[in-house]
Amino acid sequence: MRDRRQSGGEWIGFMSVASISRYVLNHKRRIALVWLVVAIASIALLPWAVSQLSDNFTMPGTESGAANAEIIAKYGNGGYALPVVPVVTLPEGTTVDSPGIREQLAEIDQRVLAVRPEARVASWASTGDEAFVSADRRTTYSLIYLFDAGNGSVGIPDVEAALKGMSIGGAPLHVTGYEVLDMSHESGESSEGPGVLLETIIGGIGALVVLLYIFGSALALLPLLIAAIAIVTSFLIIGLIGATMDVSSVVQYLVALIGLGVAIDYSLLVVNRWRDERRNGLANTLAVQRAMETAGHAVVFSGTTVGIGLLALIMLPIPTFRGIGIGGMVIPIVSVVVTITLLPIILATVGPRFDWPRSRSRREDHTGWARFATRVIRRRWAAAILGLAFLGALTWVATYMELGQPRPASMNGVGDPQIGLEALEAAGFDAAVLAPFEVITSGDAVSLAADLRGVDGVTSVIAPANWTAEGTSILAVIVAGDGRASDFRAMTGQIRDVTHNTPGNVLVGGAGAFDADFTDKIYDGFPRMLLVISIITFLLLMRAFRSVLLPIKALLMNVLSIGASFGVLVLVWQKGWGSELIWGIPATGAITSWVPIMAFAFLFGLSMDYEVFILHRMREAWDRHQDTDSAVVSGLAHTGKLVTCAAMILVLAFVSMGSGPEVTIKIIATVLAVGILLDATVVRILLVPALISLMGKWNWWMPGWLAWFGARDEHVSLEAQKASPAD
């Protein structure tokens, strides 16, 4: 067996990419048949695979997680769910004390319990608690807690239907709440948006336009074919994983849209290199082999870096995010496998027929990108300083990011839910009334309520006599504020200072406590996760580029570009400088707690794609000419168009993802699209060439004692090329 140090290529198990491609080309029919069976089975089992995805969300090891789990177990409602809030503002001259009004208000509770018997309801009519009534006694609301399956309440449409058209004292009743606002769209009707399938189709059409621009021939269809097979196969594998562990339904968006972009990127790189090699005079089979040894080599490294980024999710101590990370890792792995096994067969057999109507002899014009790279090198100091200053400024803005539930006013609600929210605020109620803390106690609820009312910032404590089960009671603690995350996090500690000194078993749950615990549990350990991921990525890139300094630069640029994308997220959504202009959505005041960690996991790997594509080509040029500047020009000339177009495909996929009505999905789509765009433009085609030119020969420095660790490309020999007959 050959020494691995000399065999070259990137190793998968005991085989290099070059060896795999030779095996594939020698067994075309057998492997093509396997993929045909897999594709048919994946399509047939697609509904089953999607049904295995789960909406369960748990956060073990935290007080809010324990509180919410106990509330759900003993009461069958509440927990992670936020309440539905019916609101009514009575006409002038009518108050809640007017004759017959209390009976009409009681009917709200009766209608809700008739359609959702498991609900937990409290109102002024049922409790007489003045916390439910405004100062002028004309506006009142109810709290309705429904069963929570782990990712939202079950039965909201039933409650809306039961209360639809209802009036109190001649005034219309409006149903609002965080989840109701998030579900409301035009005409106040509930919708689920365009759906994953339609979003994928929209992204695919955009990708086809870009691919037609790149290839100018039917070759544009090949990356889409590879992407389609990779997506359905990923769904099948994730369905099998979901049958044994919880995998969040969020994964279906990631598989469809990120899978679309990644699989197209990988096949685009290979197809483009294959066509270049054919134009350079290689016979078709040899062109395929050469493309796999070079571009295929880069694809394996790229897919590995995407997978490494997702370790950030797998290492999290929350089962839901581990499921997302494991499910997400399937996407790049399957995309790589399809690209290096099925794509070579297509290119070796019918590939030349797809390169129509574009002429085979027509050479790709790289002069435009070569001139651009030359200009960057001539102005490398200015390019480096301006690029770093721009990204640094945005990263500084990111330090002002506030994590938590977006404010109710930014939930994009329209129609009845928005009117209800505005009625609450006009009556003097804080928006935080939509997200009370839930305190479950086995002790004296009346005494605990009195203690909590004395906490600075607590506006009311509701303790209905019928909120009891199995020796426990629940209190709803409402705090001051407009629903910003900082309001809830600041109050969590103060409320727990009281509850932890109260006799009995007392746990604090609810949305505010959940956000506080989530942030502490996830982000306190994030520096350690970043260190582990960075070390693994550094070793992988050091092997790929046979350099010590290039991986360090790549990691720093990656972190900087992600930080800059977070800065844009703060400006666009938290500050509202773009959300109101583009979508008509007010500033959120906070970024949903889980968005940054998930965005980091995917951007870390996706951004490295372009780094690997560009530096792999630069490394090839350096090996030939031993000149850094010419390597930069050659590398950017051959990959600049590919990187920008590949980034455009991913951006279009994320724009499609953000076309849905949910604000949180829009937020994560924004950060992913901006992150890819900044990385493919400012970082990869401006900062990378400028910094590499400045570093000169130091880019390629590798200590002699580490030389064995670097991967070496395995190329088709000239003798083999001459001996091989033309296809």
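Since the model is a prediction, treat every value here as computed from it, not as a measurement.

*Asks:* Whenever I open this one, the overall build of the protein confuses me. Can you help?
*Replies:* From N to C terminus, the protein includes 30 helices and 13 strands. The burial tally for the protein puts 61% of its 727 residues in the buried class. For the protein, restricting intrachain contacts to residue pairs at least 6 apart in sequence, the fraction spanning at least 24 positions comes to 80%. Total accessible area on the protein is roughly 27500 Å²; 62% of this is exposed by carbon and sulfur atoms.

*Asks:* Would you mind showing me how to read the sheet that holds strand S5 (residues 139-145) here?
*Replies:* Backbone hydrogen bonds hold the strands of a sheet together, and the pairing may be parallel or antiparallel. As summarised here, the arrangement of the four strands in space is S4-S5-S3-S8, forming an open sheet in which the pairing is antiparallel. Both edges of this open sheet fall to strand S4 (120-123) and strand S8 (174-176), since each of them pairs with a single strand only. Neighbour-to-neighbour, the strand axes of this sheet turn through a mean angle of 20°, independent of strand direction. Across three bridges, the pairing between strand S3 (residues 85-89) and S8 is antiparallel. Residue Val87 lies in a different strand from S8, and its bridge partner there is His174. The strands touched by helix H20 (residues 416-426) are S3, S5 and S8; relative to S8, the strand with the most contacts, the crossing angle is about 90°.

*Asks:* Would you take a moment to explain the packing of helix H6 (residues 101-115) against helix H8 (residues 156-163) for this structure?
*Replies:* The packing of two helices is summarised by the inter-axis angle and the distance between the axes. Axis separation between H6 and H8 bottoms out at 9 Å; the angle between their running directions is 135°. Classified by the angle their axes make, H6 and H8 are oblique. For the crossing formed where H6 meets H8, the hand is right-handed. Facing Ile108, Arg111, Val112 and Val115 of H6, the residues of H8 in contact are Asp158, Val159, Ala162 and Leu163. Residue classes in the contact of H6 with H8 are distributed as six nonpolar, no polar and two charged.

*Asks:* Can you help me understand unusual backbone geometry in this one?
*Replies:* Across residues other than glycine, the phi torsion is negative in most instances, and most of the peptide bonds are trans. For Arg137, which is not glycine, the phi dihedral falls at a positive 65°. Along the chain, Arg137 turns up in the loop between helix H7 (124-127) and S5. Since its relative accessible area comes to 21%, Arg137 is described here as partly exposed. A positive phi angle is found at Glu470, which is not glycine, with a value near 50°.

*Asks:* Explain the environment of Phe566 here, please?
*Replies:* If you trace the backbone, Phe566 turns up in helix H25 (residues 549-574). A residue is classified by how much of its surface remains accessible, and Phe566, at 14% relative accessible area, is buried. Sequence separation between Phe566 and Ile591 is 25 residues, and the spatial gap between their C-alpha atoms is 9.9 Å.

*Asks:* What exactly am I supposed to notice about helix H13 (residues 284-309) here?
*Replies:* Think of an α-helix as turning once every 3.6 residues; residues three or four places apart then point the same way. Here H13 spans 36 Å end to end across 26 residues, near enough to the 38 Å set by a 1.5 Å rise per residue. Within H13, the axis deviates most sharply at Met292, by approximately 35°. Taking burial as the measure, the 26 residues of H13 include 24 buried ones, the bulk of the element.

*Asks:* Where do I start with the packing of aromatic side chains in this structure?
*Replies:* Where two aromatic rings form a pair, the distance of their centres and the angle of their planes describe that pair. For the structure on display, the rule yields 12 aromatic pairs. Where Trp369 meets Phe372, the ring centres are 5.7 Å apart and the plane angle is 75°; that geometry is what we call edge-to-face. Of the two residues, Trp369 and Phe372 are both situated in helix H18 (residues 367-378); the distance of three residues between them amounts to about one turn of the helix. Taking the relative accessible area as the measure of exposure, Phe372 reaches 29% and is therefore partly exposed. Seen from their ring centres, Phe600 and Phe604 are 5.5 Å apart, and the 45° between their planes marks the pair as tilted. Within this pair, Phe600 and its partner Phe604 are both found in helix H27 (residues 595-625), separated by four residues, close to a single helical turn.

*Asks:* Even after reading the chapter, I still don't get the pattern of salt bridges, so can you show me in this structure?
*Replies:* Between side chains of opposite charge, a pair can form as their charged atoms come close. Within this structure, the stated rule accounts for 19 salt bridges. When the shortest N-O distance is used, the salt bridge between Arg273 and Glu620 registers 2.9 Å. Highlighted residues: Arg273 in helix H12 (residues 251-279) and Glu620 in helix H27, separated in sequence by 347 residues. There is no split in this pair, since Arg273 and Glu620 are both buried. Each member of the salt-bridge network shares a partner with another, and the members are Arg273, Glu277, Arg290 and Glu620.

*Asks:* Would you mind going over the side chain of Thr588 with me for this structure?
*Replies:* You can see Thr588 is positioned in the loop between helix H26 (579-583) and H27. The class of Thr588 is buried, set by a relative accessible area of 0%. A distance of 2.7 Å separates the side chain of Thr588 from the backbone oxygen of Ala590, its partner in a polar contact.

*Asks:* It is not clear to me how a positive patch on the surface should be interpreted in this structure. Could you clarify?
*Replies:* On the surface, a cluster of positive charge is made up of Arg371, Arg375, Arg378 and Arg379. Secondary-structure assignment places Arg375 in helix H18. With relative accessibility at 45%, the residue Arg375 sits in the partly exposed group.

Conventions used here
- Residues numbered from 1 in each chain as written.
- Predicted model: local features only at pLDDT ≥ 70, side-chain atom pairs only at ≥ 80, totals over all residues.
- Heavy atoms only, no water.
- Helix = DSSP H or I, 4+ residues; strand = E, 2+ residues; numbered from the N terminus.
- Buried < 20%, exposed > 50% of the residue type's maximum accessible area, 1.4 Å probe, protein only.
- Contact = heavy atoms within 4.5 Å.
- Areas by Shrake-Rupley, 256 points an atom, 1.4 Å probe, with all protein chains shown as cover.
- Pairing = 2+ DSSP bridges.
- Axes fitted to C-alpha atoms, helices over the stretch in contact; angles between N-to-C directions.
- Parallel < 35°, antiparallel > 145°, perpendicular 65-115°, else oblique.
- Left-handed = near helix turned anticlockwise from the far one by under 90°.
- Nonpolar A, V, L, I, M, F, W, Y, C, P; charged D, E, K, R; others polar.
- Expected span 1.5 Å × (residues − 1).
- Bend = angle between axes of the 7 residues up to and from the residue.
- Phe/Tyr/Trp six-rings, centres within 6.5 Å; stacked < 30°, edge-to-face > 60°.
- Salt bridge = Lys/Arg side-chain N within 4 Å of Asp/Glu carboxyl O.
- Polar contact = N/O pair within 3.5 Å; in protein donor to acceptor, adjacent residues only side chain to side chain.
- Patch = residues over 30% accessible without salt bridge, like charges linked within 9 Å, V, L, I, M, F, W, Y side chains within 5 Å.
- Lys, Arg positive; Asp, Glu negative; His and termini not counted.
- Charge placed at Lys NZ, Arg CZ, Asp CG, Glu CD.

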